[in-house]
Amino acid sequence: MATRVMSPPSTADLTVSPTAEEIARFRQDGFLSVERITTDEEIAWLRSIFELVFSDEEADAAGAPLDRSRPLDSGEPGRLRQAFFPEVRFPEILASTFHRNARRYAAALLGVEEGALTSWSHMIEKPQGDGSPVAWHQDEAYWEPELEYHALAAWLPLHEVTVDMGCMQFIPGSHLRGIVPHRHDADPRENKLAAIDVDDSTAVPCPLPLGGVTFHHARTLHHTAPNVTDRRRMALPSEFQVAPVRRAVPTDHAWWRERRAFISAPDEISYLADGTRVRV
Ligand SMILES: O=C(O)CCC(=O)C(=O)O
């Protein structure tokens with residue numbers, strides 16, 4: 001049976017902006033919980049997009065979810081599935097109340113003009129009773145070490161979320177420590193990172209009501225626990241950033257060297273004068 005996506009609701013009905021106290025708290029802690037970023041009606045609409053993207057009939061569609069819990073070719077049902085860039089297929093997401101409010105927050109928290117920000121989104125599912133944890137990590141550890149970033153994420157659950165469903169958990173102040181060492185949690189081709197030697201004794205879990213969101217800095221250590229409830233956990237994280245700047249000297253991350261060694265063999269690749277890469 002074909003899954004239907006509901007029409008987008010009106011975007012005129014909710015405008016929220018951060019207070020000075022919230023901005024100061026984000027800069028000190030590296031994360032912030034906001035109890036209301038969009039309407040219940042809009043969450044229902046976003047959930048209908050999520051349900052379509054994650055439906056069996058869409059398994060071969062562009063932007064379909066990848067399994068992030070097991071080896072890519074395991075053939076077993078996913079315990080943590082992730083779909084990238086839903087806004088390519090559903091550009092209405094970019095005009096949503098959520099996106100408009102999250103962008104305003106992001107600009108104020110990062111201390112930049114809204115017009116300087118670009119964004120991209122993904123969707124993450126933890127099935128009921130069987131969801132995998134997401135290891136402690138910093139988002140920036142996933143990003144190219146040749147570039148310097150000024151970025152944060154807005155993590156929007158598409159329902160009320162509790163600790164045992166897999167809400168976000170953060171280590172306060174960890175965004176001020178630079179990029180901490182990470183390792184590959186699995187085969188480097190799967191690109192799943194885990195920060196090494198994390199002391200999580202100060203971790204703050206952030207359960208949220210329906211319509212709430214958490215923001216975290218690209219260097220804040222965060223993690224989610226397995227979903228041990230009988231309800232599916234659905235989240236729509238959006239990353240906001242100013243254009244990254246090329247570093248004079250790239251940061252040397254061991255996990256990036258390993259990943260590059262796995263995904264290509266640099267000594268077999270040459271560049272032609274026009275920049276095209278060829279295997280020799
Ligand atoms: O949704 C989750 O469980 C984890 C999300 C996360 O860690 C991220 O978006 O960086």
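Here's what I pulled together on the structure shown here. (Residues numbered from 1 in each chain as written. Predicted model: local features only at pLDDT ≥ 70, side-chain atom pairs only at ≥ 80, totals over all residues. Heavy atoms only, no water.)

## Digging into the site of the ligand
1) Next: What surrounds the ligand is the set His-122, Ile-124, Lys-126, Val-134, His-137, Asp-139, Trp-155, His-222, Thr-224 and Arg-233.
2) Next: His-137 places a side-chain nitrogen or oxygen 3.2 Å from an oxygen atom of the ligand.
3) Next: A distance of 2.9 Å separates an oxygen atom of the ligand from a polar side-chain atom of His-222.
4) Next: Alone, the ligand offers 290 Å² of accessible surface; in the complex the protein occludes 95% of this.
5) Next: Top element by residues in the shell around the ligand is strand S4 (residues 118-126). It accounts for three residues. (Near = heavy atom within 4 Å. Polar contact = N/O pair within 3.5 Å; in protein donor to acceptor, adjacent residues only side chain to side chain. Areas by Shrake-Rupley, 256 points an atom, 1.4 Å probe, with all protein chains shown as cover. Helix = DSSP H or I, 4+ residues; strand = E, 2+ residues; numbered from the N terminus.)

## Regarding unusual backbone geometry
Most of the time, phi is negative for any residue but glycine, and the peptide bond is trans.
1) Next: Positive phi, close to 55°, is recorded for Phe-85, a residue that is not glycine.
2) Next: Looking at the element boundaries, Phe-85 is found in the loop between strand S3 (81-84) and helix H3 (86-89).
3) Next: At Asp-197, a residue that is not glycine, the phi angle is positive and equals roughly 55°.
4) Next: Looking at where Asp-197 falls in the secondary structure, it is placed in the loop between strand S10 (193-195) and strand S11 (204-206).
5) Next: Residue Asp-197 is classed as exposed on the basis of its relative accessible area of 77%. (Buried < 20%, exposed > 50% of the residue type's maximum accessible area, 1.4 Å probe, protein only.)

## A word on the side chain of Gln-138
1) Next: Turning to its location among the elements, Gln-138 is positioned in the loop between strand S5 (134-137) and strand S6 (147-148).
2) Next: A distance of 2.9 Å separates a polar side-chain atom of Gln-138 from the backbone oxygen of Gly-178.
3) Next: One polar contact links the side chain of Gln-138 to the main-chain amide nitrogen of Val-180, over a distance of 2.9 Å.
4) Next: The contacts of Gln-138, once residues within four sequence positions are left out, are Ser-174, Gly-178, Ile-179, Val-180, His-182, Ala-218, Arg-219, Thr-220, Leu-221 and His-222. (Contact = heavy atoms within 4.5 Å.)

So far we have only geometry, and geometry alone does not tell us how the molecule works.
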